[in-house]
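In case you want the letters, here they are:
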Amino acid sequence: MDYKAELKNFFAERCLFDEPMAAHTTYRTGGHAEAFVLPKTHEDWSFVLKLAQTAKVPLRVLGFGSNILVGSRGIKGIVCSTELMNNVLCEGDTLRAEAGAPLDKACELSANAGLAGMEKLSGIPGSIGGAVYMNAGAFGQETFDCLDYFDVIDREGRPATLLKEELTYSYRHVEGIEKFIILSASFTLHKADFKTLVQTRNSVLHKRTEKQPLEYPSAGSVFKRPEGDYASRLIDDTGLRGLSVGGAKVSEKHAGFIVNFNHATPEDIKTLMTQVRQKVKEKHGVELELEQILWGEFN
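For every chain, the first residue of the written sequence is number 1, and numbering continues from 1 along that sequence. Thresholds applied to this predicted model are a pLDDT of at least 70 for local features of residues and 80 or more for the giving and counting of side-chain atom pairs; totals over whole chains, interfaces and linings are not thresholded and use all residues. Calculation of side-chain values draws on the structure's entire complement of heavy atoms; hydrogens and water are dropped beforehand.

Visitor: Quick question: what am I supposed to make of the nonpolar core here?
Guide: The tendency in soluble globular proteins is for nonpolar side chains to be buried side by side. Buried residues of nine kinds, namely Ala, Val, Leu, Ile, Met, Phe, Trp, Tyr and Cys, make up a nonpolar core once their side-chain atoms join them within 4.5 Å. Accessible area is worked out with a 1.4 Å probe on protein chains only. A residue is then buried under 20% of its type maximum, exposed over 50%, and partly exposed in between. With 31 residues, the main nonpolar core has Leu-95, Leu-103, Met-118, Ile-128, Val-132, Phe-150 and Phe-187 as its most contacted residues. Each helix is a run of DSSP H or I of at least 4 residues and each strand a run of E of at least 2, with the numbering of both proceeding from the N terminus. When residues of this core are traced back to their parent elements, those giving at least two are strand 7 (94-98), helix 3 (103-112), helix 4 (128-134), helix 5 (143-146), strand 11 (147-154) and strand 15 (180-188). Examining the composition of this core, we find that 4 residues originate from one element, helix 4, more than from any other. What makes two residues a contact is simply this: any of their non-hydrogen atoms within 4.5 Å. When near neighbours in sequence (up to four residues on either side) are disregarded, Phe-150 contacts Val-132, Phe-144, Ala-160, Thr-161, Leu-162, Leu-167, Ile-177, Ile-182, Ser-184 and Ala-185. Grouped together as the second largest cluster of nonpolar side chains are 22 residues, Phe-223, Ile-258, Ile-269 and Met-273 included.

Visitor: Can you walk me through helix 1 (residues 3-11) in this structure?
Guide: Every α-helix carries 3.6 residues per turn, so stepping three or four residues along brings you back to the same face. If you check which residues of helix 1 are buried, you get Tyr-3, Leu-7 and Phe-11. Considered in projection along helix 1, the buried side chains sweep an arc of 45° and stay on one side of the axis. Positive backbone phi, approximately 50°, marks Ala-12, located one or two places after helix 1. To obtain the arc, one takes the directions from the helix axis to the C-beta atoms.

Visitor: Please explain the sheet that holds strand 5 (residues 75-81) as it appears in this structure.
Guide: Sheets are built from strands paired through backbone hydrogen bonds, the pairs being either parallel or antiparallel. For two strands to count as paired, DSSP must find a minimum of two bridges between them. Read across the sheet, 4 strands follow the order 1-2-5-3 without closing on themselves; strand pairing throughout is mixed. Looking at which strands have only one partner, the edges of the open sheet turn out to be strand 1 (15-20) and strand 3 (59-62). Each strand axis lies, on average, 35° off the axis of its neighbour in the sheet, ignoring direction. Across the sheet, helix 1 is in contact with strand 1, strand 2 (32-37) and strand 5; its angle to strand 2 comes to roughly 40°. Fitted lines through C-alpha atoms serve as axes, helices being fitted only where they are in contact, and the angles separating the N-to-C directions of these axes extend from 0 to 180 degrees.

Visitor: Can you walk me through the packing of helix 3 against helix 6 (residues 194-211) in this structure?
Guide: Helix-helix packing is described using two parameters, namely the angle between the two axes and the distance between the axes. Here helix 3 crosses helix 6 at 150°, and the two axes come no closer than 8 Å. One way to sum up the angle between helix 3 and helix 6 is to call them roughly antiparallel. Residues Asp-104, Cys-107, Glu-108, Ala-111 and Asn-112 of helix 3 lie in contact with helix 6, whose contacting residues are Phe-194, Leu-197, Val-198, Arg-201 and Leu-205. When an angle is under 35 degrees it counts as roughly parallel; over 145 it counts as roughly antiparallel; between 65 and 115 it counts as roughly perpendicular; any other value is oblique.

Visitor: Any chance you could explain unusual backbone geometry here in plain terms?
Guide: In most cases, non-glycine residues show a negative phi, while peptide bonds are predominantly trans. Although it is not a glycine, Asn-135 adopts a positive phi angle of roughly 50°. Looking at the element boundaries, Asn-135 is found in the loop between helix 4 and strand 9 (137-138). Take Asn-135: its relative accessible area is 0%, and that puts it in the buried class.

Below you can see the structure in the form of structure tokens.
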């Protein structure tokens, strides 16, 4: 079965082949996706899921690629980007957003509408779908704090609505979420002083600029926070700030980040991740857990 011909026939200009993933991930490096499509509707998703199953090819879902490292040898099968699913709407105390909407746009809209609950998530460079998928958070606030429910489609193409109270979730983790593709999410927020919210948002954005190496491509925090400590503190204490492999290095500005400072290959970044984990384990006996996701094949 020529799944590529079927894809092109259905998606037309919303289907690309041999697409460089460096253009779709915040590390700005990575191999090519065999097929890259941009679904918009439930029908689009049903079609591509059924095709992937029939043709027996892997299917992956991509938001902003702000937590992903793609190997140099690329990705076999289909990558579905939620880029075109980007509507956000504030009504009363509810914010609804499609999976491909920028999380920061939702934070800005809600703060400007005098609705509290998402302002500390400002500046996180991911999509709504990605934020829900991993329960993204910052400055003591998490995506699931104000989440009410989210609409999904399962890998068989069946739609469902998942209520927050029916799920088991924790720090950067949602139980069983990998079985679903997130289409949209609904948040219940609460009224608060507009000026205070905008001030909080601006303060968060300022702290990010001040403390994080936003001048270089990265994918944010590389490791999850270990119990009762911070990955960045352990990395710093092990003397790893500025440690480099090829064009990748541990940021001097924030030790929790690995930055692509000089045309890093995915393998440079992956090797550096491994070195950091080994050295922290040797010195502190702590096994750092990767927060970022590795996709495709590495050299």
